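Fold and geometry: a report
Residues per chain, in single letters:
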Amino acid sequence: MLCQEQCIEDFHNLIKPQGHLVEQLNQLITEKEEHTIPTIRKLIEHGLSRDEILDITNISSEEFDRIVSKDRRCQLPYIYLNDEESKEFEKLLEDIHQSKDIYERIDVEKERERIKFIHGVLLRYQKEMDLLSPQENEDSSEKIMKYLERAVKNEQAKSAYYSLVRIFGNEIKRKREEVLIKVSDD
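The following refers to the structure shown. Numbering of residues starts from 1 in every chain and runs along the sequence as written. Where totals are concerned, whole chains, interfaces and linings use all residues; where local detail is concerned, this predicted model gives features only for residues with pLDDT of at least 70, and gives and counts side-chain atom pairs only at 80 or more. Water and hydrogen atoms were dropped before computing side-chain values, which therefore reflect all heavy atoms in the structure.

This next bit is on helix 6 (residues 108-131). Note on conventions: DSSP H or I runs of at least 4 residues are helices, E runs of at least 2 residues are strands, and numbering of each starts at the N terminus. Helix span, as expected, comes to 1.5 Å for every residue beyond the first. End to end, helix 6 covers 35 Å across 24 residues, agreeing with the expected 34 Å (1.5 Å per residue, within 8%). Under the scheme applied here, a residue whose accessible area is under 20% of the maximum for its type counts as buried, over 50% as exposed, and between as partly exposed, the area being computed with a 1.4 Å probe on protein chains only. Of all the positions in helix 6, only Lys110, Arg114, Phe117, Ile118, Val121, Arg124, Tyr125 and Met129 are classed as buried.

And the structure:
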């Protein structure tokens, strides 16, 4: 009986430090995520591909998917686009991916389509900002709120522009490199 009580007491003494270690491990995981998510977001904003981000951050594919699906800000440029623009963006990316050679990828007409698309997105933001213009009959607090909303829209427009330009440019560069590697291997 005495031995059994001693074993139970020893068992409880072992559980307490393990609980503390589990808490510390959970805290370390949380801290790592707090640093990993902004890093991944910045890499995505700069137009790096999924594989490039996995190589740089040394996280697993599943962890990357979890972070991206959990944090909408990691899903650039989609957070800046409406549904119609998202479909057109996908079509423009598909054109880049399906082009057969370098000249087709850097075709002037296709480049005009991409520029026209980016210009359309910026025009939409401009229209949204115009709707937020302060009116003379509004009180000062309403004018301040509209000014702040306009500033946010302006930053979103800038981010959308930079994101779209980087993504299109990086995709063209990647596909060009694939073609050059394929040609050099032949």
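The next subject is helix 4 (residues 83-98). Between its first and last C-alpha atoms helix 4 spans 23 Å; for 16 residues at 1.5 Å apiece the expected length is 22 Å, and the two agree. All of the buried residues in helix 4 are Glu85, Ser86, Phe89, Leu92, Leu93 and Ile96. Buried residues in helix 4, looked at end-on, bunch into an arc of 125°, giving them a common side. The outward face of helix 4, more than 90 degrees from its buried face, is lined by the exposed residues Asp83, Glu84, Lys87 and Gln98. With a side-chain oxygen lying 3.2 Å from the backbone nitrogen of glutamate 84, the N-terminal cap of helix 4 falls on asparagine 82. Starting at the helix axis, one direction is taken to each C-beta atom, and the arc is that of these directions. Here a polar contact means two N or O atoms within 3.5 Å. Within protein one must be a hydrogen donor candidate and the other an acceptor candidate, and residues neighboring in sequence count only if both atoms are side-chain atoms.

The subject of this paragraph is the packing of aromatic side chains. Centre distance within 6.5 Å is the pairing criterion for rings of Phe, Tyr and Trp, where only the six-membered ring of Trp is used; planes under 30 degrees apart are then read as stacked, over 60 as edge-to-face, and the remainder as tilted. One pass over the full model with this rule turns up 4 aromatic pairs. Aromatic side chains phenylalanine 89 and phenylalanine 168 sit 5.5 Å apart centroid to centroid with 50° between the ring planes, which places their arrangement in the tilted category. One end of the pair, phenylalanine 89, is in helix 4; the other, phenylalanine 168, is in helix 7 (residues 140-185), and 79 residues separate them in sequence. The same class applies to phenylalanine 89 as to phenylalanine 168, namely buried. Aromatic side chains phenylalanine 117 and phenylalanine 168 sit 6.3 Å apart centroid to centroid with 75° between the ring planes, which places their arrangement in the edge-to-face category. With phenylalanine 117 in helix 6 and phenylalanine 168 in helix 7, this pair connects stretches of sequence that are 51 residues apart.

Looking now at the environment of glycine 120. Along the chain, glycine 120 turns up in helix 6. Exposure remark for glycine 120: the relative accessible area of 31% places this residue in the partly exposed category. Separated by 35 residues in the primary sequence, glycine 120 and glutamate 85 place their C-alpha atoms 8.8 Å from one another.

Function cannot be read off these values alone, since they describe shape.
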